[in-house]
Amino acid sequence: MTAALVVAGLSAREVSRRRTALLLVISLPLWFYLVRRDLTGQSTRMLAIGIGWAVSTLTLFVVNAARGVDPRLRISGASVAGVIGGRLIAMSGFGLLLAGGYFLLVAVDQHIERAWAVALLMMLTALIAAPFGSLVGALLPRELEGALALLSVCAVQMLADPAGSIAKFLPFWSAREIGTYAVDGAAADLLWRGLAHAVVVWILCTGLTLVIFARRLRLERYPEPEDH
Amino acid sequence: MTPRPWLHGFLDLCLLAMLRERPDYGYGLAQRLAAAGVADIPGGTLYPALLRLEQQGLASPSWAPSENGPRRKYYEITPAGLGALRAQADEWRVFRDGVDALIGNEMAGEHTP
Amino acid sequence: MNDWPRRFEAELVRLGLQPERAHRLTAETAAQAGEHAADPDHFFGPAHLYARHLVAELQVSTLEEKRAAAGKVMLRLAGVTKRYGRRTVLTGVDLTVRGGEVAAIVGANGCGKSTLLRICAGLTAPTSGTVQRTRRVGFVPQDGGTAGWLTADEHFTLFGAAAGIAPRKARSTGAHLASLLAWRPTGSQPVQELSGGTRQKLNLVLGELHGPDLLLLDEPYQGFDQGSYLDFWRQVRAWRDAGRAVVVVTHLLHELQHVDHVLDLGGAS
């Protein structure tokens, strides 16, 4: 567990040094929000999806950048869970910070009945985004392809009708559901559905990430030599 | 004076032979080599050679005080060193006889008995 | 004169001698110069050069002794074969390396040297054949293998944590190992700003940070200038003297007299 925490701390430091990328990623949700600022519901949901995109893209890059280091860490004795888990912890933490910051913006700028639900949906989106970005990074080792995949997912997420069948298979559907509950005063039903969806997506993405990396970072176990 | 490349192969032999005659320290050995007309051995060649002999167990060190202060490191030949000396001396004789045979006819005229 | 012994001792330590032995040798060397009533600088020449000369002279006999006194087997490959689909990269490779030995894997580019090293590291499985290997192993890849935006110290912390070493101890171990390669990492430079030779030194330190018994090195001195290149081989000899087993993949052949085993994988397939 300590290894995971050290990896997390250093991952966070590593990311914080990439000032330009960080700035772009942090500010993108803002543009999403501003574009729809007049409509509370739309702007909140766009903001959330923007946060999801930002965190998952950053995680994608962090995971890909670590490709050279991770096998060596494994050889030095780290576990897959320690290495991958550490990065997820760091990026989840970053996501929560981002979500927290933007929540304050929304709370100040808009009047929302169930503000706490907005906080919840932004937090959930940030928490899902990290393993989702990690999964895409695990599946698509080249950064351009991974980034394009994420872009496509977020674009479709924003445009698809939430009630339709496609939307439910997209990772950030929970943002729209809980958003509707929070802003449009819908029934608690949506809240629970959104929550359940978020949890399932998180488990799926985290689980698949760990499985894929357990395979990729697998080390052969050789027996000790007999002396003769 | 013998040029160094020739002596390098046989420096150990010379050192072991001198040590068999009597134990000595670095400076003493250097002087005896020079007196024998063998070569003017630089310290940077002599001392590593002595350390090598020590490392290989062919010579054993001991310390004794000197007249004017600092103690000296004396080397004494060991039984293993005696064995190595005998073997190397045999090699040397073979080599020497071989070279003599090759140049013998050439040099005969220049030796004035 | 007064500074010569200190520089001499420092160079001996840097060359891999144990500190007590270096201290003893320094005292003896100073006494030797004293026997001739000479200044060591005049008698032996510059301190660091004589230190290297002395160590090289002494290594000659250690090399022979080590062959007899080699330690336990650290790596044993028997009939190792690697196939990727139709393409056979390695066939029936046998190799045994003991503690205190150095093995070089040579061959043309593309003949499977790096693949063999990766098999030894456990990153890839052989298609057939057996591998027996000590558990504690260090791996130094050809390039990459570091996080460009982190500093050297942060790398020590990271790799130390992977091996279960506390951060402060990892950093001090890293700094000490770096000093043996004549490198003093400054606190705040990200690794991607370091020169190629320095980055390879970092790679070496990271590979041995957790004190492995077997070291696997993949042509790590490609970016080296002449000085760093010599330092690398001295480091290999120091590891050997410390009883570790070293396997080096290389296509440079002129240091092979220091090596105990040469495995030639032949021409490119």
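Residues numbered from 1 in each chain as written. Chains lettered and ligands numbered in written order. Predicted model: local features only at pLDDT ≥ 70, side-chain atom pairs only at ≥ 80, totals over all residues.

**Quick look at the sheet that holds strand β2 (residues 59-66) of chain B**
Strand pairing within a sheet occurs via backbone hydrogen bonds; the two strands may be parallel or antiparallel. Stated precisely, the cut-off is as follows: The pairing criterion is simple: DSSP has to find at least two bridges between the two strands. Going along the chain from the N terminus, every DSSP run of H or I of four or more residues is numbered as a helix, and every run of E of two or more is numbered as a strand. Here contacts are defined at the residue level, using C-beta atoms placed from the backbone and a cut-off of 7 Å between them. Here an angle of 0 to 180 degrees is reported between the N-to-C directions of two axes, which are lines fitted to C-alpha atoms, with helices fitted over the stretch in contact.
Spatially, 3 strands are ordered β1-β3-β2 (chain B) in an open sheet, and the strand pairing comes out antiparallel. With one partner strand each, in any of the chains shown, β1 (24-25) and β2 of chain B form the two edges of the open sheet. In terms of strand pairing, β1(B) meets strand β3 (residues 69-77) of chain B through 2 bridges, oriented antiparallel. Bridge assignment links Asp24(B) to a residue of β3(B), and that residue is Tyr75(B). Each of β1 and β3 of chain B touches helix α2 (residues 19-35) of chain C; the most contacted strand, β3(B), lies at about 100° to it.

**Description of the packing of helix α3 (residues 40-65) of chain A against helix α5 (residues 80-109) of chain A**
All names here are of chain A. Put simply, the rule reads: Throughout, the term roughly parallel applies to angles under 35 degrees, roughly antiparallel to angles over 145, roughly perpendicular to angles from 65 to 115, and oblique to all others. Should the near helix be turned anticlockwise from the far one by less than a right angle, the crossing is termed left-handed; should it be turned clockwise, right-handed. Residue polarity follows a fixed list, in which Ala, Val, Leu, Ile, Met, Phe, Trp, Tyr, Cys and Pro are nonpolar, Asp, Glu, Lys and Arg are charged, and the others, Gly among them, are polar.
Following both chains from N to C, one finds α3 and α5 inclined at 155°, their axes separated by 10 Å at the closest point. Classified by the interaxial angle, the pair formed by α3 and α5 is roughly antiparallel. With respect to the hand of their crossing, α3 and α5 are arranged in right-handed fashion. Of the residues in α5, those touching α3 at Thr44, Leu47, Ile51, Ala54, Val55, Leu58, Thr59, Val62 and Val63 are Arg87, Met91, Phe94, Gly95, Leu98, Ala99, Tyr102 and Val106. Here the residues of the contact of α3 with α5 are counted per class, giving 13 nonpolar, 3 polar and 1 charged.

**So, the sheet that holds strand β2 (residues 87-98) of chain C**
Residues and elements named next belong to chain C. Across the sheet, which stays open at both edges, the 3 strands sit in the order β2-β1-β4 with antiparallel pairing between neighbours. What marks the edges here is a single partner per strand, and that holds for β2 and β4 (128-133). The average undirected angle you get between the axes of adjacent strands in this sheet is 15°. Inspection of the sheet shows strand β1 (residues 73-84) paired to β4 by 5 bridges, in the antiparallel sense. Following the sheet pairing, threonine 81 is matched in β4 by serine 128.

**Here's the deal with the interface of chain A and chain C**
Contact with chain A, which involves 26 residues of that partner, is made by 34 residues of chain C. Put simply, the parts of the chain that give the side of chain A that touches chain C at least two residues each are α1 (2-16) and α4 (69-76) of chain A. No other element matches the 7 residues that α1(A) contributes to the side of chain A that touches chain C. Of the residues contributing to the side of chain A that touches chain C, the split by class is 14 nonpolar, 4 polar and 8 charged.

**Topic: the interface of chain B and chain C**
The interface is formed by 14 residues belonging to chain B together with 15 residues belonging to chain C. Going through the elements one at a time, α2 (26-35), α3 (43-55) and β3 of chain B are the ones with two or more residues in the side of chain B that touches chain C. Here the side of chain B that touches chain C gets 7 residues from one element, more than from any other, and that element is α3(B).

**Here we look at helix α7 (residues 143-159) of chain A**
All names here are of chain A. We count it as follows: Multiplying one less than the number of residues by 1.5 Å gives the expected span of a helix. Counting other C-beta atoms within 10 Å of a residue's own tells you its class, since 20 or more makes it buried, 12 or fewer makes it exposed, and anything in between is partly exposed; those C-beta atoms are placed from the backbone. Directions from the helix axis toward the C-beta atoms define the arc.
Taking 1.5 Å per residue, 17 residues should reach 24 Å; α7 reaches 24 Å between its end C-alpha atoms and fits that length. By the burial criterion, the buried members of α7 are Gly146, Ala147, Leu150, Val153, Cys154 and Gln157. Projection of α7 onto a plane perpendicular to its axis shows the buried side chains occupying an angular sector of 125°, all on one side. Projecting away from the buried face of α7 at angles above 90 degrees are the exposed residues Leu144, Glu145, Leu151, Ser152, Ala155 and Leu159.

**A few points about unusual backbone geometry**
Residues and elements named next belong to chain C. Phi is positive for alanine 37, which is not a glycine, with a value near 50°. Note on placement: alanine 37 falls in the loop between α2 and α3 (40-44). For alanine 37, a count of 9 C-beta atoms within 10 Å gives the class exposed.

**A look at the packing of helix α6 (residues 152-162) of chain C against helix α7 (residues 167-180) of chain C**
All names here are of chain C. Running from N to C, α6 and α7 point in directions that differ by 120°, and their axes come no closer than 8 Å. Here α7 runs oblique to α6, going by the angle between their axes. Between α6 and α7 the crossing geometry is right-handed. For the pair α6 and α7, contact is made by Asp153, Phe156, Thr157, Gly160 and Ala161 and by Pro167, Lys169, Ala170, Arg171 and Gly174, respectively.

**Side note on the nonpolar core**
Put simply, the test is: Here a nonpolar core is just a set of buried residues of the types Ala, Val, Leu, Ile, Met, Phe, Trp, Tyr and Cys, joined wherever their C-beta atoms sit within 7 Å.
If you look at the biggest cluster of nonpolar residues, it comprises 127 residues, and the most contacted ones within it are Ile51(A), Val55(A), Leu121(A), Ile128(A), Leu216(C) and Val247(C). In terms of residue count, the dominant contributor to this core is helix α6 (residues 115-139) of chain A (15 residues).

**Here we look at the arrangement of the chains**
Looking across the 2 pairs of chains in contact, one finds the most contacts between chains A and C. Nothing in chain A touches chain B, and the closest approach of their C-alpha atoms is 26 Å.

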